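Architecture and fold: a report
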Amino acid sequence: GAKITTHQKYSDGSGDLPFGDYYLDGVRVLNNYITVQGHGLRIEDARYVNAKSNVIICSKNTVNPANYYGITMRSDVRYSSIKYNYIENASVNGLQIDECTNLFELTGNEIYKTGKYGIAIYDSSVKYIEDNFISNIPSNGIGVMYESNIISNITGNRVSDVTEYG
């Protein structure tokens, strides 16, 4: 995407953006209580996102039982953080990171009772995965898969009551 700093204005006060692929910049999602039958937070094609101190309680979607995540960052999110969130009952993964580059940190999150992984990272780069608490997971606590890269550390995470790997 491209960051837009100016756009064309018309005499009636309306405006338009030139045709293109755009992204959000500087989004903060803080201190929310979310009960949902889908994704708790879905963030795509954005820069400098801070998702912090949210409570996300998921319940089964009986109308459209697709794959839903507590928090998902995908499609070229960059320079962003997911910190100190509480996630429970996500139908698939608590945190799902897909095709993102240069994420700063996944830190201090509490993830319980997901359908598959606590944290799943696919084709992405993340600097830190630290001090997360992950429990009651039927598959893997933390999965770093495909062409993913952890730039610095996976440290201080507490993973318990998982069926396969920590």
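Every value quoted in this text rests on a predicted model; they were computed, and no experiment measured them.

Another aspect to go through is the sheet that holds strand 17 (residues 125-130). Overall, parallel pairing links the 6 strands, which are arranged 4-8-11-14-17-20 in an open sheet. This sheet does not close on itself; its edge strands, each paired only once, are strand 4 (28-30) and strand 20 (149-155). The sheet shows a mean angle of 10° between the axes of neighbouring strands, direction not considered. Note that strand 14 (residues 103-107) and strand 17 share 4 bridges and pair parallel. For Leu106, the partnering residue across the bridge sits in strand 17 and is Ile129.

Moving on, we come to the nonpolar core. Core analysis: the biggest nonpolar cluster contains 30 residues, and Ile56, Met73, Ile97, Leu106, Ile119, Ile121 and Ile129 have the highest contact counts within it. Not counting residues up to four positions away in its chain, the partners in contact with Ile97 are Met73, Ile82, Leu103, Leu106, Ala120, Ile121, Tyr122 and Ser124.

With that out of the way, let us pick up unusual backbone geometry. Backbone geometry at Ser75 places phi at a positive 55°, although glycine is not the residue there. With respect to the secondary-structure elements, Ser75 resides in the loop between strand 10 (71-74) and strand 11 (81-83). For Ser75, a relative accessible area of 27% translates into the label partly exposed. Located in the positive-phi region is Asp131, a residue other than glycine, with phi close to 55°. Along the polypeptide, Asp131 turns up in the loop between strand 17 and strand 18 (133-137).

Moving on, we get to the sheet that holds strand 12 (residues 86-88). Within the open sheet, the 6 strands sit side by side as 5-9-12-15-18-21. Their pairing is parallel. If you trace the sheet from one side to the other, it starts and ends with strand 5 (33-36) and strand 21 (158-162), each paired once. Along the sheet, successive strands turn relative to each other by an average axial angle of 5°, direction set aside. Relative to strand 21, strand 18 runs parallel, the two being bridged by 4 bridges. By the bridge assignment, Ile134 is partnered in strand 21 with Val159.

Once that is clear, we can look at the pattern of salt bridges. Counted by the stated rule, this structure contains 6 salt bridges. Between Arg74 and Glu44 there is a salt bridge whose closest N-O contact spans 3.2 Å. One end of the pair, Arg74, is in strand 10; the other, Glu44, is in strand 6 (residues 41-44), and 30 residues separate them in sequence. Residue Arg74 is classed as partly exposed on the basis of its relative accessible area, which comes to 27%. The exposure class assigned to Glu44 is partly exposed, which follows from its relative accessible area of 31%. The closest approach of N and O atoms between Arg78 and Asp76, which form a salt bridge, is 2.9 Å. For Arg78, a relative accessible area of 26% puts it in the partly exposed group. Salt bridges sharing common partners tie together Asp45, Arg47, Asp76 and Arg78.

The rules behind these values
Residues numbered from 1 in each chain as written. Predicted model: local features only at pLDDT ≥ 70, side-chain atom pairs only at ≥ 80, totals over all residues. Heavy atoms only, no water. Pairing = 2+ DSSP bridges. Helix = DSSP H or I, 4+ residues; strand = E, 2+ residues; numbered from the N terminus. Axes fitted to C-alpha atoms, helices over the stretch in contact; angles between N-to-C directions. Core = buried A, V, L, I, M, F, W, Y, C linked by side-chain atoms within 4.5 Å. Buried < 20%, exposed > 50% of the residue type's maximum accessible area, 1.4 Å probe, protein only. Contact = heavy atoms within 4.5 Å. Salt bridge = Lys/Arg side-chain N within 4 Å of Asp/Glu carboxyl O.

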